[in-house]
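# Notes for the structure review
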Amino acid sequence: QIRRDPATGKLFLKDLSTLGTTVDGKRVPPSIQQADGADMDANIEVPLPAKARIGLAGVLFIDFKAVKQK
């Protein structure tokens, strides 16, 4: 999940997957945690650079580039 903070314009990435996500080759901590046998969103986000290579499950890669709004 990619979120833009409306106050600052900064971008954040949250890994909601089960197979892992990377940003520029570095693993993003998973936001979904097990608690009492149930999946819970720990709301863990990492800053997303304006230009990044996002890896999904190590098999799909997205070259991301933020465009400034006018």
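Structure shown above.
Along each chain, the written sequence defines residue order, and numbers are assigned to residues from 1. At least 70 in pLDDT is required for a residue's local features to be given in this predicted model, at least 80 for side-chain atom pairs to be given and counted, and no such filter applies to totals for whole chains, interfaces and linings, which use all residues. Think of the side-chain values as coming from all heavy atoms in the structure, minus any hydrogens and water.

### Observations regarding the sheet that holds strand E8 (residues 51-56)
One requirement defines pairing of two strands: DSSP has to find at least two bridges between them. Numbering goes from the N terminus for both helices and strands, where a helix is a DSSP run of H or I of at least four residues and a strand is a run of E of at least two. Spatially, the 4 strands line up as an open sheet ordered E4-E3-E8-E9, and their pairing is antiparallel. Looking at the sheet topology across the chains shown, the edges are occupied by strand E4 (26-27) and strand E9 (60-65). In this structure, strand E3 (residues 21-23) lies alongside E4, joined through 2 bridges in antiparallel fashion. Residue pairing in the sheet places Thr22 in a bridge with Arg27 of E4.

### Concerning the pattern of salt bridges
Just to be clear on terms, a salt bridge is a Lys or Arg side-chain nitrogen sitting within 4 Å of an Asp or Glu carboxyl oxygen. Summed over the entire model, instances satisfying the criterion amount to 4 salt bridges. With its nearest N and O atoms 3.8 Å apart, the salt bridge here joins Arg3 to Asp5. Note on classification: 1.4 Å probe, protein chains only; a residue is buried when its accessible area is under 20% of the maximum for its type, exposed when over 50%, partly exposed between these limits. Take Arg3: its relative accessible area is 29%, and that puts it in the partly exposed class. The salt bridge partner of Asp41 is Lys14, with a shortest N-O separation of 3.0 Å. Of this pair, Asp41 sits in strand E6 (residues 38-41) while Lys14 sits in the loop between strand E2 (11-13) and E3; the two residues are 27 residues apart in sequence, bridging distant segments of the chain. Each of Arg3, Asp5 and Glu45 takes part in a single network of salt bridges with overlapping partners.

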